[in-house]
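Reading the structure
Next come the chains, spelled out residue by residue.
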Amino acid sequence: MQSVLEKLGIAEENRGVFCGEWRGEGGKIDKISPIDGRRLAGVQTASDEDYEIAIARAQEAFLKWRVTPGPVRGETVRKLGNALRDFKSQLGQLVTLETGKIIAEGEGEVQEMIDICDLAVGQSRMLYGLTIQSERKNHRLMEQWHPLGVIAVITAFNFPVAVWSWNAALIPLVSATGSVGMGLNVAKTVHGRLGRTIMELGGNNALIVAPSADIDMATQSIFFGAVGTAGQRCTSTRRVIMHESVASKVRHKLLAAYKTLPIGNPLDKKTVMGPLIDKNAVDLVHHSIQRLKDEGGEILYGGERLSVPGECYMKPCLATANPDFDIVQHETFGPLLYLMTYRDFDEAIAIHNNVPQGLTSSIFTNDVREAEKFLSAVGSDCGIANVNTGTSGAEIGGAFGGEKNTGGGRESGSDSWKSYMRRQTNTINFSTELPLAQGIQFGSDDAGSANA
């Protein structure tokens with residue numbers, strides 16, 4: 001572990017603010033690994049002064065960056081992508097140490113950053129970035145951007161949402177990812193001073209299994225979507241809506257998979273599910289399980305906390321639920337999967353859409369009419385709708401985001417950059433006349449000349 005941290009330039013104590021230089025005069029965060037409860041490193045967070053300086057420098061960088069030619073910006077992003085490639089293994093391990101994701105997923109997170117860089121190079125359009133985060137991956141990659149100071153990183157401890165009202169003119173847009181509650185607070189503050197937001201909030205994602213579905217494909221997808229990252233993706237599969245004719249078969253296959261799931265140290269390549277992010281995350285899943293029981297749901301398998309150092313491990317929980325249960329309306333950010341059944345396709349769509357969130361969705365069917373209806377205006381009400389592939393994950397070339405309480409924001413995709421731009425309409429008159437719209441004659445005499 002220590003060699004990975006050393007290669008990334010992470011010391012015992014680190015400054016958590018980057019704005020062309022490393023700063024940090026606020027309180028300290030000790031990052032504890034959920035793998036075994038060991039302390040990874042300490043991070044000094046931002047003080048009010050650090051925040052003010054970072055914002056000011058980001059604005060200075062923006063004024064230079066916006067007039068930098070597109071190919072030069074693309075080349076800068078290309079260098080960052082190459083630096084990520086050079087450190088992919090170490091960064092993937094760092095993701096695993098910090099979050100508990102299995103090593104394949106940790107490296108997958110880094111690969112996604114590399115892919116995004118490649119996409120951005122192709123577009124050669126980038127603006128300065130400002131990131132406020134609760135944890136820090138302190139490595140030398142940030143210094144690739146030092147000449148322009150294009151990226152500012154502010155590590156914050158219990159950072160108040162009110163910060164978005166500070167220097168309001170310098171933060172015209174806030175892109176926020178988190179819970180629905182967080183999004184509501186950010187929106188109130190930012191929209192209250194007529195700023196703009198891009199919201200990526202909660203997901204309560206469902207997968208429909210139709211009578212014609214390839215059951216093996218469907219159950220593999222459900223299994224990965226529900227237990228991958230220990231159910232801690234915004235795109236994780238949380239609800240399975242099965243036609244009653246295939247429900248027993250799907251349930252049987254899922255139970256077999258859950259009972260043989262390798263749980264353990266995520267650095268071991270044989271592990272399929274590692275720990276949750278922290279002990280509180282396990283507590284929240286257990287709270288949801290209890291609420292499910294209180295409402296009449298049945299636990300088919302799992303849910304128990306495992307006696308492993310770090311206290312962040314649990315068995316994934318497979319349960320039956322009624323679509324109208326109150327707990328089903330809420331997103332439980334962990335490995336808790338609800339199974340429910342339907343009789344006709346319209347009922348399946350109604351169950352699917354009957355939650356406040358609308359991020360991603362999926363149907364497994366070989367019926368073209370069902371697939372077309374699922375993708376139509378009367379089908380899935382989510383921002384992402386998939387056929388014969390799961391809810392978890394998304395290709396970077398497609399717009400990522402959701403509807404309803406998920407916030408309506410879109411990231412990635414070929415035109416995501418438009419959300420970060422101001423829009424301007426231009427009219428240029430090259431003639432010696434001044435025609436008005438709709439043929440209006442304003443203040444003209446009979447000879448056609450204007451009277452000022």
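I will try to describe carefully the structure that is included in this document. These numbers were taken from a predicted model, which means no experiment stands behind them.

**A word on the environment of Lys404**
For Lys404, the location among the structural elements is in strand β18 (residues 403-404). Separated by 21 residues in sequence, Lys404 and Gly383 have C-alpha atoms that sit 9.1 Å apart. With sequence-adjacent residues up to four places away left out, Lys404 is seen in contact with Asn353, Val355, Pro356, Gln357, Gly358 and Asp381. Polar side-chain contacts of Lys404 include one of 3.5 Å to the backbone oxygen of Gln357. A polar side-chain atom of Lys404 sits 2.6 Å from a polar atom in the side chain of Asp381.

**Examining helix α8 (residues 247-259)**
When the terminal C-alpha atoms of α8 are compared, their 18 Å separation across 13 residues agrees well with the 18 Å that a helix rising 1.5 Å per residue should span. Ala247, Val250, Leu254, Leu255 and Tyr258 are the residues of α8 that are buried. On an axial view of α8, the arc spanned by its buried residues comes to 130°, and they lie on one face. Among the exposed residues of α8, those oriented more than 90 degrees off its buried face are Ser248, His252 and Lys259.

**Structural notes on the sheet that holds strand β1 (residues 13-15)**
If you trace the three strands from one edge of the open sheet to the other, you get β1-β5-β4, paired in mixed fashion. Bordering the open sheet on either side are β1 and β4 (28-32), each of which pairs with just one other strand. Put simply, the sheet's adjacent strands are angled 30° from each other on average, direction ignored.

**Thoughts on the environment of Gly178**
Inspection of the secondary structure puts Gly178 in the loop between β8 (173-177) and α6 (180-192). If we skip the residues at most four places from it in the chain, Gly178 touches Glu200, Leu201 and Gly202.

**Details of the sheet that holds strand β16 (residues 360-364)**
Think of a sheet as strands paired side by side through backbone hydrogen bonds, with each pair either parallel or antiparallel. Strand order in the open sheet formed by seven strands is β12-β13-β14-β11-β10-β16-β17, and the pairing between neighbours is mixed. Each having just a single partner strand, β12 (298-301) and β17 (384-387) make up the two edges of the open sheet. Recorded for the sheet is a direction-independent mean angle of 25° between the axes of neighbouring strands. Sheet analysis places strand β10 (residues 205-209) next to strand β11 (residues 237-243), joined by five bridges and oriented parallel. Its bridge partner lying in β11, Val209 is registered against Met242. Strands in contact with helix α9 (residues 279-294) are β12, β13 (317-320) and β14 (336-342); relative to β14, the strand with the most contacts, it is inclined by about 30°. In the packing of helix α10 (residues 345-353) onto the sheet, contacts are made with β10, β11, β14 and β16, and the angle to β14 comes to roughly 150°.

The rules behind each value
Residues numbered from 1 in each chain as written. Predicted model: local features only at pLDDT ≥ 70, side-chain atom pairs only at ≥ 80, totals over all residues. Heavy atoms only, no water. Helix = DSSP H or I, 4+ residues; strand = E, 2+ residues; numbered from the N terminus. Contact = heavy atoms within 4.5 Å. Polar contact = N/O pair within 3.5 Å; in protein donor to acceptor, adjacent residues only side chain to side chain. Expected span 1.5 Å × (residues − 1). Buried < 20%, exposed > 50% of the residue type's maximum accessible area, 1.4 Å probe, protein only. Arc of directions from axis to C-beta. Pairing = 2+ DSSP bridges. Axes fitted to C-alpha atoms, helices over the stretch in contact; angles between N-to-C directions.

The values are spatial; any link to function lies outside them.
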